[in-house]
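Close look at the chain arrangement
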Amino acid sequence: NGNLSIYNIATSTAGCSSNTAFGNAPYDVAAFGGQLYIVTQTNDSLYVAQENGTGATILYTFTPNTKNPSAVAVLPNGNILVAQSGTDSIDLVSPIGTLLKQDFIVNPFTVDVSDILVVSPQ
């Protein structure tokens, strides 16, 4: 429905604490440093928003608009990984919206990535 919903699960009954009309078909979201990073496929963009989903602004728009961002994750240094189902690759974007490396990760395992999990080495 194009909305970004934030749920409070701190109580015995989870409830929607914020439901923001977002548009552009939000596809995946990652939280980091008090902000949300959202990828959309309607306009192939990476957004940044407040923790409650408000104040969303485009951080970066991928071109051509057939890249179809499908997953997002944030590295410990704040750089952002964005999977592209249209090119079967993962791009690297800075926290201020600069494309640092197109096709940062490309291999047989980056086909139609639906989620990215960043883990720290033990």
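With that settled, consider the packing of aromatic side chains. All chains considered together, the criterion is met by two aromatic pairs. With centroids separated by 4.9 Å and ring planes inclined at 70°, the aromatic side chains of Tyr60 and Phe62 adopt a geometry described as edge-to-face.

Residue position: Asp28 is located in strand β3 (residues 26-32). Here the side chain of Asp28 touches Val72 through a polar contact of 2.9 Å, landing on its backbone nitrogen. Non-local contacts of Asp28, meaning those with residues more than four positions away in its chain, are made with Tyr37, Ile38, Val39, Ser70, Ala71, Val72 and Asp115.

The subject of this paragraph is the pairing of strand β9 (residues 89-93). Burial runs high along β9: five of the five residues are buried. Both faces of β9 are covered, namely the face carrying Ser89, Asp91 and Val93 and the face carrying Ile90 and Leu92. Examined bridge by bridge, strand β8 (residues 80-84) and β9 share five bridges and lie antiparallel to one another. By the bridge assignment, Ala83 is partnered in β9 with Ile90. Taking the residues between adjacent antiparallel strands as the criterion, β8 and β9 are bridged by four residues, where Asp88 takes a positive phi near 50°. Across three bridges, the pairing between β9 and strand β10 (residues 99-105) is antiparallel. In the strand pairing of β10, Leu92 is matched with Lys101.

To continue, consider the sheet that holds β3. Taken in spatial order, the four strands of this open sheet run β3-β4-β5-β6, and their pairing is antiparallel. Only two strands of the sheet have a single partner each, and these edge strands are β3 and β6 (57-61). Neighbour to neighbour, the strand axes of the sheet diverge by 25° on average, direction disregarded. Sheet topology note: the β3/strand β4 (residues 35-40) ladder contains six bridges and is antiparallel. Note on β4: the bridge partner recorded for Phe32 is Gln35.

About the criteria used
Residues numbered from 1 in each chain as written. Predicted model: local features only at pLDDT ≥ 70, side-chain atom pairs only at ≥ 80, totals over all residues. Heavy atoms only, no water. Phe/Tyr/Trp six-rings, centres within 6.5 Å; stacked < 30°, edge-to-face > 60°. Helix = DSSP H or I, 4+ residues; strand = E, 2+ residues; numbered from the N terminus. Polar contact = N/O pair within 3.5 Å; in protein donor to acceptor, adjacent residues only side chain to side chain. Contact = heavy atoms within 4.5 Å. Buried < 20%, exposed > 50% of the residue type's maximum accessible area, 1.4 Å probe, protein only. Pairing = 2+ DSSP bridges. Axes fitted to C-alpha atoms, helices over the stretch in contact; angles between N-to-C directions.

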